[in-house]
Amino acid sequence: MSPLALPDGVEITGPIEDRYEEILTPQALELIAKLHRELNGRRLERLEARAKRVKEIADGADLGFLEETKSVREDDSWQVAPLAPGLEDRRVEMTGPTDRKMVINALNSGAKAWLADQEDANTPLWGNVVLGPLNLRDALDRTIDFTSPEGKAYTLKPDEELPTIIVRPRGWHLPEKHIKVDGEETSGSLVDFALYLVACGQKQIDKGRGPYFYLAKMESHLEARIWNDAFKIGQDFVGIPQGTIRATCLIETLPAAFEMEEILYELRDHSSGLNAGRWDYLFSVIKTYRTRGADYIVPDRNTVTMTVPFMRAYTELLVRTCHKRGASAIGGMAAFIPSKDEAVNTAAYEKLTADKTREAGDGFDGSWVAHPAMVETCKEVFTKVLGDNPNQIDKKREDVQAGDGSQLLDVKSTPGEVTAAGLRSNIDVALQYLKSWLEGRGAVGIHNLMEDAATAEISRSQIWQQINNQVKTADTDELISKDLVLKIVDEVVAELPGDASDYDAAKATFLEVAVADEYADFLTLPAYARMP
Ligand SMILES: CC(=O)SCCNC(=O)CCNC(=O)[C@H](O)C(C)(C)COP(=O)(O)OP(=O)(O)OC[C@H]1O[C@@H](n2cnc3c(N)ncnc32)[C@H](O)[C@@H]1OP(=O)(O)O
Ligand SMILES: O=CC(=O)O
Ligand SMILES: [Mg+2]
């Protein structure tokens with residue numbers, strides 16, 4: 001019997017720990033039930049539509065701009081809602097998980113905004129699902145503190161204006177198995193949304209900001225429409241004015257790149273722009289065209305930079321689309337993190353500066369960094385371009401032409417090769433990351449790079465694509481077969497720290513997502529199934 005007061009039809013199967021009742025309130029659970037009953041069927045339909053489109057592409061169809069929404073694209077009269085308080089100046093945004101220490105460090109980082117991540121950087125352990133919003137609420141109340149096992153004490157800096165908090169709920173694909181409504185698993189997206197809105201929505205408004213969100217991994221404007229409806233339901237339910245919620249949608253799937261205008265249009269009363277989620281985007285390019293042969297084989301992950309033609313085309317189109325509609329265009333994550341090795345560290349900052357300089361020059365209004373020590377660099381680079389202006393939405397980028405969208409699909413012009421070292425690196429990163437994820441850490445530094453769910457998806461999808469398209473390594477001329485991958489897996493595990501058995505669960509998950517005949521849509525799905 002749950003110690004919580006549960007609304008009719010709601011069941012909680014996860015343990016109820018200290019303070020959970022402050023987040024799993026009757027009001028929050030009622031909102032989850034309402035959202036589930038009104039929207040979950042549509043969510044499942046859209047997931048089926050994704051699978052149908054992948055099959056059509058496998059059969060030879062190509063993505064393109066939609067005929068049925070041409071009027072939305074050609075109508076120059078509509079704009080998204082005006083910039084909301086706290087979202088005018090987004091020149092540097094920090095991102096990171098919502099455990100107590102990271103919350104405090106992120107909010108003390110000096111960034112303009114902070115993406116509080118329930119998504120790529122988070123493992124959706126039951127504890128993380130409930131404690132994330134609790135930590136955010138404590139932060140808004142300024143009661144949050146933390147003492148590390150070594151005795152280091154953490155509190156928010158006094159009298160400091162905190163970065164604007166933007167919460168990123170899980171993508172539509174992930175269920176929340178610990179909360180059931182009418183016997184059905186709920187949607188991780190709707191659970192994260194509802195728990196945060198109820199716990200923190202009014203508090204944010206009282207502080208002159210609002211409940212703001214990042215929306216992840218969408219593939220269609222019809223998925224954005226479900227979010228918009230969730231916002232309308234949520235605002236009425238908690239009694240805040242319609243239009244108070246704002247959402248920045250990540251354009252991080254290839255199908256969504258063909259529907260940027262439509263996504264902004266669907267969310268226009270709640271929109272705060274688009275973000276170029278480069279890592280999931282690259283994953284999505286591989287995933288969507290994974291069976292279409294040589295023209296879509298992506299070279300070694302670390303050689304695909306943001307300046308290769310298909311990536312540049314997507315980011316420039318994103319800026320143009322946003323600014324045409326009065327929306328913010330936010331750049332993506334340079335995965336470099338500081339290193340104790342001086343040469344590596346210098347190179348990381350040089351690459352970060354080059355990446356943010358390109359984004360600022362291309363018209364982005366701000367961008368992301370993964371680490372507090374990188375906030376100043378990003379801020380300085382954008383300030384050189386923005387000066388005292390809070391953003392550059394008036395830079396319209398009319399020079400960028402979408403054409404028929406074929407530039408977005410031009411993978412074959414990407415310089416680079418598939419090499420033996422690239423394959424080994426993918427195997428190594430995927431194994432290490434999966435181990436970390438299954439242990440509850442969704443973001444981790446590996447070989448001086450930030451790795452999270454999106455970057456790991458690239459690694460395992462490249463391996464699947466290479467096996468299933470009979471790719472050979474350019475340098476050693478070896479066929480990338482299942483047998484070769486399994487041999488390297490054992491070699492890599494033998495070299496990694498700890499006992500080989502420490503990697504058993506990671507290895508089993510890796511085999512499901514990188515080597516199995518059937519391609520898993522997301523690595524987080526089989527990984528989540530393994531979790532309590
Ligand atoms: C593809 C995408 O979606 S990108 C967005 C999602 N991904 C992310 O948000 C990843 C964010 N980054 C991180 O999680 C971290 O930077 C990691 C895991 C990559 C590296 O973290 P660490 O190994 O702790 O790095 P490091 O030891 O250099 O950290 C130094 C300090 O900075 C803090 N720190 C580092 N990154 C962050 C962060 N993103 N947010 C808050 N604090 C941070 C650490 O907690 C640590 O604090 P301490 O000195 O008080 O102990
Ligand atoms: O979420 C961001 C990405 O790059 O993926
Ligand atoms: Mg992502």
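Residues numbered from 1 in each chain as written. Chains lettered and ligands numbered in written order. Predicted model: local features only at pLDDT ≥ 70, side-chain atom pairs only at ≥ 80, totals over all residues.

**Some details on the site of ligand 2**
For step 1, the next point in the chain: Neighbouring residues of ligand 2: D120, L250, E252, G277, R278, W279, D280, G332, M333 and A454.
For step 2, the next point in the chain: A total of three residues in the shell around ligand 2 trace back to one element, the largest contributor, which is helix α9 (residues 278–288). (Near = placed C-beta within 6 Å. Helix = DSSP H or I, 4+ residues; strand = E, 2+ residues; numbered from the N terminus.)

**Regarding the site of ligand 1**
For step 1, the next point in the chain: Around ligand 1, 24 residues are found, and the nearest of them are T95, G96, N105, D120 and A443.
For step 2, the next point in the chain: Among the secondary structure elements, those contributing two or more residues to the shell around ligand 1 are β2 (92–97), α3 (100–107) and β14 (444–446).
For step 3, the next point in the chain: In terms of residue class, the shell around ligand 1 is made up of 15 nonpolar, five polar and four charged.
For step 4, the next point in the chain: Two domains each put at least three residues into the shell around ligand 1: domain 1 (10–386) and domain 2 (417–529). (Nonpolar A, V, L, I, M, F, W, Y, C, P; charged D, E, K, R; others polar. Domains from an automatic or database assignment.)

**Some details on the sheet that holds strand β8 (residues 184–187)**
For step 1, the next point in the chain: Spatially, three strands are ordered β1-β7-β8 in an open sheet, and the strand pairing comes out antiparallel. Each of the sheet's edge strands pairs with one partner strand only, and the pair in question is β1 (10–12) and β8. Averaged over all pairs of adjacent strands, the angle between their axes in this sheet comes to 55°, without regard to strand direction.
For step 2, the next point in the chain: Pairing geometry for β1 and strand β7 (residues 175–181), over three bridges, is antiparallel. Within β7, the residue paired with E11 across the bridge is K180.
For step 3, the next point in the chain: The sheet strands contacting helix α5 (residues 188–206) are β7 and β8, and the helix crosses β8 at an angle near 60°. (Pairing = 2+ DSSP bridges. Axes fitted to C-alpha atoms, helices over the stretch in contact; angles between N-to-C directions. Contact = placed C-beta atoms within 7 Å.)

**Here's the deal with the pairing of strand β9 (residues 212–215)**
For step 1, the next point in the chain: A two-sided burial pattern is seen for β9, the buried positions comprising Y212 and Y214 on one face and F213 and L215 on the other.
For step 2, the next point in the chain: Where strand β6 (residues 164–168) meets β9, two bridges bridge the pair, whose relative direction is parallel. Note on β9: the bridge partner recorded for V167 is F213.
For step 3, the next point in the chain: The sheet contact formed by β9 and strand β10 (residues 246–251) spans four bridges and is parallel. Bridge pairing in β10 links Y212 to R246. (Buried ≥ 20, exposed ≤ 12 C-beta atoms within 10 Å, placed from the backbone.)

**So, the sheet that holds β9**
For step 1, the next point in the chain: Read around the closed barrel, the eight strands follow the order β2-β3-β6-β9-β10-β11-β12-β13; overall the barrel is parallel. Between one strand axis and the next, the sheet turns through 25° on average, direction left out of account.
For step 2, the next point in the chain: Sheet analysis places strand β3 (residues 113–117) next to β6, joined by five bridges and oriented parallel. Pairing of D117 across the sheet is with R168, part of β6.

**Regarding helix α12 (residues 375–386)**
For step 1, the next point in the chain: Taking 1.5 Å of rise per residue, the 12 residues of α12 would be expected to cover 16 Å, and the 16 Å separating its terminal C-alpha atoms lies within 8% of that figure.
For step 2, the next point in the chain: Among the residues making up α12, those that are buried are C378, K379, V381 and F382. The buried residues of α12 all sit within an arc of 165° when viewed along its axis, so they share a single face.
For step 3, the next point in the chain: Tucked inside the fold, the buried residues of α12 contact β2, α11 (342–362) and β13 (366–369).
For step 4, the next point in the chain: Of the residues one or two after α12, G387 is the one with positive phi, at around 60°. (Expected span 1.5 Å × (residues − 1). Arc of directions from axis to C-beta.)

**Comments concerning the UniProt feature "domain: Malate synthase N-terminal" (unreviewed entry) in the protein chain**
For step 1, the next point in the chain: UniProt annotation of "domain: Malate synthase N-terminal" (unreviewed entry) refers to residues 8–70 when read in the numbering used here.
For step 2, the next point in the chain: Helix makes up 54% of residues 8–70 and strand 5%. Its end C-alpha atoms lie 44 Å apart. (UniProt positions renumbered as here; feature names shortened; annotations may be inferred.)

**Quick look at the packing of α3 against helix α4 (residues 126–141)**
For step 1, the next point in the chain: Put simply, α3 and α4 touch, their axes get as near as 10 Å, and they point 40° apart. On the basis of their axis angle, the class for α3 and α4 is oblique. Considering how the two elements wind past one another, α3 and α4 form a crossing that is right-handed. Contacts from R100, V103 and L107 of α3 reach α4 at N135, L136 and A139.
For step 2, the next point in the chain: In the contact of α3 with α4, the residues fall into four nonpolar, one polar and one charged. (Parallel < 35°, antiparallel > 145°, perpendicular 65-115°, else oblique. Left-handed = near helix turned anticlockwise from the far one by under 90°.)

**Notes on the nonpolar core**
For step 1, the next point in the chain: Among the nonpolar cores identified, the biggest contains 150 residues, and I32, W114, I166, A194, C249, Y314 and L318 are the most heavily contacted of them.
For step 2, the next point in the chain: Among the elements that line this core, the one with the most residues is α5, at 10 residues.
For step 3, the next point in the chain: Residues lining this core come from more than one domain, with at least three contributed by each of domain 1 (10–386) and domain 2 (417–529).
For step 4, the next point in the chain: Leave out the neighbours within four places in its chain, and C249 touches L215, M218, A224, I263, L267 and L274. (Core = buried A, V, L, I, M, F, W, Y, C linked by C-beta atoms within 7 Å.)

**Structural notes on the environment of A347**
For step 1, the next point in the chain: Examined against the element boundaries, A347 turns out to sit in helix α11.
For step 2, the next point in the chain: Residues A347 and D410 lie 63 residues apart in sequence; the distance between their C-alpha atoms is 29 Å.

**Some thoughts on unusual backbone geometry**
For step 1, the next point in the chain: With a phi angle near 75°, R19 is a residue other than glycine that sits in the positive phi range.
For step 2, the next point in the chain: By the secondary structure assignment, R19 is in the loop between β1 and α1 (26–58).
For step 3, the next point in the chain: On the basis of neighbour count, R19 is assigned to the exposed category, with 12 C-beta atoms found within 10 Å.
For step 4, the next point in the chain: Here the phi dihedral of D182 falls at roughly 50°; this positive angle occurs in a residue that is not glycine.
For step 5, the next point in the chain: Counting through the fold element by element, D182 comes out in the loop between β7 and β8.

**Concerning the domain arrangement of the protein chain**
For step 1, the next point in the chain: In terms of domains, the protein chain is made up of domain 1 (10–386) and domain 2 (417–529).
For step 2, the next point in the chain: With centres defined by C-alpha atoms, the gap from domain 1 to domain 2 works out at 25 Å.
For step 3, the next point in the chain: Residue-level contacts link 31 residues of domain 1 with 34 residues of domain 2.
For step 4, the next point in the chain: Residue assignment for the side of domain 1 that touches domain 2 shows that the elements contributing at least two residues are β2, α9 and α11.
For step 5, the next point in the chain: Looking at which element gives the most residues to the side of domain 1 that touches domain 2, the answer is α9, with six residues.
For step 6, the next point in the chain: Grouping the constituent residues of the side of domain 1 that touches domain 2 by class yields 18 nonpolar, seven polar and six charged.

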